[in-house]
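# Understanding the architecture of this molecule
Each chain, letter by letter, is given below.
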Amino acid sequence: MSDRNAVTNTESPSAAPFFPIITPHTATNGINSTIRPIDMRRNNASLVFSTLFPDRQLSRADIARATGLSRVVVSEAAATLISKGFIREVGPQPSSGKGPGKRGTLLGTNPERLRLLSIDLSQPHLIQGAILNLFGQTITRAEITLGASDQFTVSDVDDLIAQLLRSGQHPVGIGIAAPGVVKNESNVLSYTYSQWHNTDLREPIEQKFGIPTTVNNDAASALMAERCFGQGGPNLLFIQLARGVGSALLINDMRVAGSNYAVGEIGHIPARQDGPQCSCGRHGCLDAIIGTPVLRARMQGHPSDCERIIAQAGRDLAAALSMPVAMLDIDDICVYGPSDIVNDTFISAAQQQLTRDTTSVLHPRTIIRRCQIGGDIVIRGELIPILQMSLSRL
Ligand SMILES: [Zn+2]
């Protein structure tokens, strides 16, 4: 649990940030559509849940003040959330010290009841998954090691889910994070490390297991983890350095998906015209100059030159990001990657380049920093789309 979200029972509700990121989009079919009462109830319940997620404790009156909802609406939403196991009553509100007035009951999320099943398809040589509670803590986990080809099929994903379900847990939803372009939380349009093309993962898995399922881009899942369990604010550019370079973008707590569901797919954008040829045929793509396999091969070939290679990689990344930073007025960039590459040398060189390129009277200094969340970042982040899906079906 991050310090930023640490629970204090005396926390002022007006000071308590909450995450509209959890709130599902209201189902409408255009600007003239009317909002159905059931959508309104779901949105209210999501808003109430957001004030408490992941580990905040507030009374119904506190939530009403924080959200602007009426006490009656908050009570109705809380009753629904309690009955479904999303939240629970955790005890009486501490005395305010202002006399014997009636104390409210504190509400909090319920880590004992709801379970969520999260799958991460982004790692090399294995696929992994876990069943989590609402705090993002692991109840049970499993993995399947891939063969020499490093490839897997939908059937392997089925096997991993079945393995996790044999623990006897009953998750309310399944979330799958895949490194590729994902359409409508369902179809993997292109999968970065396989021949998958417009592969529907959601429907077959929902049919097989009878559990609501959502599919999302892995960098977007990691971004959600940084926002909800890490240090990220409502405006955040998240960079993931793995086999390739991926990214995800949060603006005013809304994840930007793009016209073709491909926001963040920056790996094959040339950053240096004179750079080495990439697997896609172009020269100087980010993947080809700062992807982790490329950097590791370069360091193995020049072991006495590692510091310079890593510093140059930091500068290359920052130079590539300077335009989107200025265009979107981003002030926080979080970089996730292995510690032998995204180290102090990398971040320091990237910060110097970024400050040089983007800081002006119009744009204050943008911070670039290393992500502090560990190796389960994608699994934990996938919890957020599972919650969004579950709340939208209340
Ligand atoms: Zn390329």
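The rules we used
- Residues numbered from 1 in each chain as written.
- Predicted model: local features only at pLDDT ≥ 70, side-chain atom pairs only at ≥ 80, totals over all residues.
- Heavy atoms only, no water.
- UniProt positions renumbered as here; feature names shortened; annotations may be inferred.
- Core = buried A, V, L, I, M, F, W, Y, C linked by side-chain atoms within 4.5 Å.
- Buried < 20%, exposed > 50% of the residue type's maximum accessible area, 1.4 Å probe, protein only.
- Helix = DSSP H or I, 4+ residues; strand = E, 2+ residues; numbered from the N terminus.
- Contact = heavy atoms within 4.5 Å.
- Donors = N, O, S within 2.8 Å, 3.2 Å for Na, K, Ca; no water.
- Tetrahedral: all angles 85-135°; square planar, octahedral: opposite > 155°, others 65-115°.
- Pairing = 2+ DSSP bridges.
- Axes fitted to C-alpha atoms, helices over the stretch in contact; angles between N-to-C directions.
- Patch = residues over 30% accessible without salt bridge, like charges linked within 9 Å, V, L, I, M, F, W, Y side chains within 5 Å.
- Areas by Shrake-Rupley, 256 points an atom, 1.4 Å probe, with all protein chains shown as cover.
- Salt bridge = Lys/Arg side-chain N within 4 Å of Asp/Glu carboxyl O.

As annotated in an unreviewed UniProt entry, the protein carries the name NagC family transcriptional regulator and comes from Bifidobacterium felsineum. Recorded in UniProt under Sequence similarities (unreviewed entry), the annotation for the protein is "Belongs to the ROK (NagC/XylR) family."

## Section: the nonpolar core
As a rule of thumb, nonpolar side chains are buried together in soluble globular proteins. By size, the foremost hydrophobic cluster in this structure holds 48 residues, and its most contacted members are Phe49 and Ile377. Here this core takes 8 residues from helix α6 (residues 218-229), the largest share from any one element. Those residues in contact with Ile377 that sit more than four places away from it in its chain are Ser221, Ala222, Ala225, Phe238, Tyr336 and Cys371. By size, the runner-up hydrophobic cluster in this structure holds 27 residues, among which are Ile310, Ala318, Val335 and Ile341.

## Let's talk about the coordination of the zinc ion
Around the zinc ion, the donor atoms from the protein are His268 (ND1), Cys278 (SG), Cys280 (SG) and Cys285 (SG), and they sit 2.0 to 2.4 Å away. Relative to the metal, the 4 donor atoms surrounding the zinc ion lie at angles of 96 to 130 degrees, and the coordination shape comes out tetrahedral. Note on Cys278: relative accessible area 8%, which makes it buried.

## A look at unusual backbone geometry
Between Phe53 and the following residue, Pro54, the backbone shows a cis peptide bond with an omega angle of -5 degrees. Mapped onto the secondary structure, Pro54 falls in the loop between α1 (37-52) and β1 (58-59). Although it is not a glycine, His125 sits at a positive phi angle of roughly 70 degrees. Considering the arrangement of structural elements, one finds His125 in the loop between β4 (116-120) and β5 (126-132). Of note in the backbone geometry, Asp329 takes a positive phi value of approximately 55 degrees without being a glycine. On the accessibility criterion, Asp329 (49% relative accessible area) is partly exposed.

## Notes on the sheet that holds β5
Across the sheet, which stays open at both edges, the 5 strands sit in the order β6-β5-β4-β7-β11 with mixed pairing between neighbours. A strand with exactly one partner marks an edge of an open sheet, and here the two such strands are β6 (138-145) and β11 (213-217). Averaged over all neighbouring strand pairs, the angle between strand axes comes to 15 degrees, with direction disregarded. Pairing between β4 and β5: 5 bridges, direction antiparallel. From the neighbouring strand, Ser118 faces β5, where its bridge partner is Ala130.

## A word on a nonpolar patch on the surface
Side chains of Met323, Met327 and Leu328 sit close together on the surface and give an oily, nonpolar patch of about 350 Å² of accessible area. Within the element layout of this structure, Leu328 appears in helix α9 (residues 306-328).

## A closer look at the pairing of β11
Where burial is concerned, most of β11 is hidden: 5 out of the 5 residues are buried. Sheet topology note: the strand β7 (residues 173-178)/β11 ladder contains 5 bridges and is parallel. Within β11, the position partnered with Ala178 by the bridge is Asn217.

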